[in-house]
Protein chains: 2
Amino acid sequence: MRIGIVGATGAVGQELLRVLDDRKFPVTELRLFASAKSAGKHSTFRGDQVTIETIGPHSFNGLDIAFFSAGSETSKALRSQVVDAGCIMIDNSSAFRMDSDVPLVIPEINAADLQGHHGVIAVPNCSTIILLMAVAPLRKFGTIKRIVVSTYQAVSGAGAKAMRELDVQSRAYLAGEEIRPEILPHQIAFNLFSHNAAVNEHGYNGEEWKMIHETKKILHDDAIAVTATCIRVPVFRAHSEAINVEFEGERPSVDQIRNALAEYPGVQVVDDAAKNYFPMPKDATGKNDVLVGHVRHDASNMHAIDLFASGDQLLKGAALDAVQIAESLIEQGLVKVH
Amino acid sequence: MRIGIVGATGAVGQELLRVLDDRKFPVTELRLFASAKSAGKHSTFRGDQVTIETIGPHSFNGLDIAFFSAGSETSKALRSQVVDAGCIMIDNSSAFRMDSDVPLVIPEINAADLQGHHGVIAVPNCSTIILLMAVAPLRKFGTIKRIVVSTYQAVSGAGAKAMRELDVQSRAYLAGEEIRPEILPHQIAFNLFSHNAAVNEHGYNGEEWKMIHETKKILHDDAIAVTATCIRVPVFRAHSEAINVEFEGERPSVDQIRNALAEYPGVQVVDDAAKNYFPMPKDATGKNDVLVGHVRHDASNMHAIDLFASGDQLLKGAALDAVQIAESLIEQGLVKVH
């Protein structure tokens, strides 16, 4: 596979390089793209130095798959150039997620949706991915009627600069120095705040709205009711979520839930009630699996259950899901090799 | 009023001194009690040095009100001594909260419950107080059927030592040093975890169970259904909560909700959607009011709404509520002055 990465110097771009290597992805050529200020620098992939380029008019010619992680505007601006070059775009941005001709894919859940692709495939929002990895295994127990989710989101979702900001602000706070937010809109050190995506006319911020609507698309279920509260917390790179799931009919037992989660690919059960040991971002960091636990029957609704999940935002929440999409395209014979 | 404070050197004890002073509480005598290792030290109150004592057999003789904040075991061990001395115990621990002869009071909500007191009054759990300050103003719109709440709890709830631990661990993490949790069970720096109270046979941790059952008692509503997920986050002293409230009947408009919150004593509306400015622990710290905002109609249930709240755990979550109980006892003529 001849692979391109657009946004190669970003937090997700760097993770893509590691994931492609770790998973022994069949890379025969690798081209890395970033903005002008990074052009000419190098990244190392499997021992080779790869020079970082800016995008030119023929950048995607001869490439099979291009991973995009440079923001919605870049993805929109380059879509037709990529598709016209016969290259498949796997896009981490929110640019095309809700487009009816763009599959929105978590391979464990809806890999079959790739079959109708038209050259562009979208990686869902990181919070949606982690939510659905915890919820999808439960669909075997019957229709899910409603989800109430509250997130505890790491700063990595706002990029490498936001990760540095958490570090810098925390040091400043502990030194008693003044804190001046630059990347994130509010102080993040020892604080938390509603996700920094604009609030829409329904009162939801953009991140919450994505969780509501991407869930319906990925699960092919317009009737599934979702409400979300998305909060940024002072954690570097793993998101956590408190998830309440209401079934249309009878709820499964706690043991049935644990077994269903344990059997599901990409999910690891962390649920030691005796030790009060449940999913934590510290443990999810660097792991491919989404950790799920604190499973219990909801005391407030006899059809509902409560769960807690943590997953690495840069891995399953972004880079890993993107590479798994590429792997699934190969497996299903859906990518044309030049 | 002749006042005693048991646990005077703790995080809540120190805050009690500040709150009594700030609110010009009528203190004519002040006695401070702590463990043997603090005895002989001093605290300053209104310019006077007060010597810290250990509890003796006659410690509560002549006192009108004793604030307890030294853990459940201490409250249980001293209850009869306090009551026999004719002193009222206002207890911040969970020792007696669910006892039928002990009022559990948030004065803005159920001050009238003080009328039946038998010498012991309990301050609710901090998370319950902050939840109900956001929810109680909405009861004028009809019966509340169900609450789904997820907390983002500061370390102050685990005491002054846990606050120091967050500081020490954060410095260690940033210096690349090993982290050894001593007070809290898991790493708290740049991490979060299920609240460190034992998990019961229903799968809920103790903190979650308190929120469920204290809510029913304070609101005098055994039918109100509550589920909670309680999470400790790396924040020093203000708790935040994502709250979903389902009404039995029609839900109020967002404006009606904002107005009801704004009118309620002890609540401040922070709800600037255009600026994405909602309650944050940074802003709630040091404030008496509980901040409530991010008010919206729940997209998943036409009877439900979503809110986000932040409140100072040491103030309204503990010391302030305790002092307000004392003020309400005076106002209602329910305390005998020696």
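For the structure itself, consult the block above.
Keep in mind that what you see is a predicted model, and the values were worked out from it rather than measured.

Quick look at helix 6 (residues 206–218) of chain A
Residue and element names in this part refer to chain A. Spanning 13 residues, helix 6 covers 18 Å between terminal C-alpha atoms, matching the ideal 18 Å at 1.5 Å per step. For helix 6, a buried count of 10 out of 13 residues is recorded, marking the element as mostly surrounded by other parts of the structure. E207, E208, W209, K210, M211, I212, E214, T215, K217 and I218 are the residues of helix 6 that are buried. Against the buried residues of helix 6 lie helix 3 (107–110), helix 4 (126–135), strand 8 (144–153) and strand 10 (225–232). Of the residues trailing helix 6, H220 is marked for its positive phi of about 55 degrees.

Structural notes on the packing of helix 4 of chain A against helix 6 of chain A
All names here are of chain A. Interhelical geometry of helix 4 versus helix 6 gives an angle of 50 degrees and a closest axis separation of 9 Å. Overall, the two elements helix 4 and helix 6 adopt an arrangement that is oblique. Here the hand of the crossing between helix 4 and helix 6 comes out right-handed. In this structure, helix 4 uses S127, T128, L131 and L132 to contact helix 6, whose residues at the interface are E207, K210, M211, E214, T215 and I218. A per-class count over the contact of helix 4 with helix 6 returns 4 nonpolar, 3 polar and 3 charged.

Let's talk about the relation of the copies chain A and chain B
Once turned by 180 degrees and shifted 0.0 Å along the axis, chain A lies on chain B with an RMSD of 0.0 Å. The operation mapping one copy onto its partner corresponds to a two-fold rotation axis. Of the interface residues in chain A, 100% have counterparts in chain B that sit at the interface too, so the contact is made through matching surfaces.

Quick notes on unusual backbone geometry
Positive phi, close to 50 degrees, is recorded for K24 of chain A, a residue that is not glycine. Among the secondary structure elements, K24 of chain A is positioned in the loop between helix 1 (11–22) and strand 2 (29–33). A tally of 8 C-beta atoms within 10 Å means that K24 of chain A is categorised as exposed. Even without being glycine, F190 of chain B reaches a positive phi, approximately 55 degrees. You can see F190 of chain B is positioned in the loop between helix 5 (160–174) and strand 9 (193–194).

Details of the environment of A66 of chain B
Considering the arrangement of structural elements, one finds A66 of chain B in strand 5 (residues 65–68). As a C-alpha pair, A66 of chain B and G4 of chain B span 62 residues in sequence and 4.3 Å in three-dimensional space.

Overview of the interface of chain A and chain B
Every contact between the two is made by 53 residues of chain A and, on the other side, 53 residues of chain B. Every element with two or more residues in the side of chain A that touches chain B is listed here: strand 8, helix 5 (160–174), strand 9 (193–194), strand 10, strand 11 (238–247), helix 8 (281–284), strand 13 (290–297) and strand 14 (304–312) of chain A. In terms of residues, the side of chain A that touches chain B owes the most to one element, strand 10 of chain A, which gives 5 residues.

Side note on the packing of helix 5 of chain A against helix 5 of chain B
Running from amino to carboxyl end, helix 5 of chain A crosses helix 5 of chain B at an angle of 130 degrees, the nearest separation of the two axes being 11 Å. By the criterion of interaxial angle, the relationship of helix 5 of chain A to helix 5 of chain B is oblique. For the crossing formed where helix 5 of chain A meets helix 5 of chain B, the hand is left-handed. Residues D167, S170, R171 and L174 of chain A of helix 5 of chain A lie in contact with helix 5 of chain B, whose contacting residues are D167, S170, R171 and L174 of chain B. Here the residues of the contact of helix 5 of chain A with helix 5 of chain B sort into 2 nonpolar, 2 polar and 4 charged.

Focus on the sheet that holds strand 8 (residues 144–152) of chain B
One key point about sheets: their strands pair by backbone hydrogen bonds, in either a parallel or an antiparallel sense. Residues and elements named next belong to chain B. Read from one edge to the other, the open sheet built from 6 strands follows the order 10-8-12-15-14-13, with strand pairing classed as mixed. Every other strand in the sheet has two partners, leaving strand 10 (225–229) and strand 13 (267–269) as the edge strands with one partner each. On average, adjacent strands in this sheet sit at an angle of 25 degrees to one another, irrespective of strand direction. For strand 14 (residues 290–297) and strand 15 (residues 304–312), the ladder comprises 5 bridges, and the chain directions are antiparallel. Note on strand 15: the bridge partner recorded for V292 is A309.

Some remarks on helix 5 of chain A
All names here are of chain A. Here helix 5 spans 22 Å end to end across 15 residues, near enough to the 21 Å set by a 1.5 Å rise per residue. Those residues of helix 5 not exposed but buried are A162, E165, L166, Q169, S170 and Y173. Each buried residue of helix 5 sits inside an arc of 125 degrees when the element is viewed along its axis, so together they form one side. Of the residues one or two after helix 5, G176 is the one with positive phi, at around 75 degrees.

What counts, and where the lines are drawn
Residue numbers restart at each chain and count upward from 1, following the sequence in its written direction. Think of it this way: whatever chain is written first is A, whatever ligand is written first is 1, and the rest follow in order. In view of the model being predicted, local features appear only for residues whose pLDDT reaches at least 70, and side-chain atom pairs are presented and counted only at 80 or more, with totals across whole chains, interfaces and linings using the full set of residues. Under the DSSP-based scheme used, a helix requires at least four consecutive residues in state H or I and a strand at least two consecutive residues in state E, with every element numbered from the N terminus. In this scheme, a helix's expected span is set at 1.5 Å multiplied by one less than its residue total. Put simply, a residue is buried when 20 or more other C-beta atoms lie within 10 Å of its own C-beta and exposed when 12 or fewer do; between those, it is partly exposed, and each C-beta is set from the backbone. By definition, residues are in contact whenever their C-beta atoms, placed on the basis of the backbone, come within 7 Å of each other. Fitted lines through C-alpha atoms serve as axes, helices being fitted only where they are in contact, and the angles separating the N-to-C directions of these axes extend from 0 to 180 degrees. These descriptions rest on fixed angle ranges, namely under 35 degrees for roughly parallel, over 145 for roughly antiparallel, 65 to 115 for roughly perpendicular, and the rest for oblique. In a left-handed crossing the near helix is turned counterclockwise from the far helix by less than a right angle, and in a right-handed crossing that turn is clockwise. Ten residues, namely Ala, Val, Leu, Ile, Met, Phe, Trp, Tyr, Cys and Pro, are considered nonpolar, four, namely Asp, Glu, Lys and Arg, are considered charged, and the remaining ones, Gly among them, are considered polar. Superposing the copies works by least squares over the C-alpha atoms of residues that have pLDDT at least 70 in both of them. The pairing criterion is simple: DSSP has to find at least two bridges between the two strands. Along the arc lie the directions from the helix axis toward the C-beta atoms.

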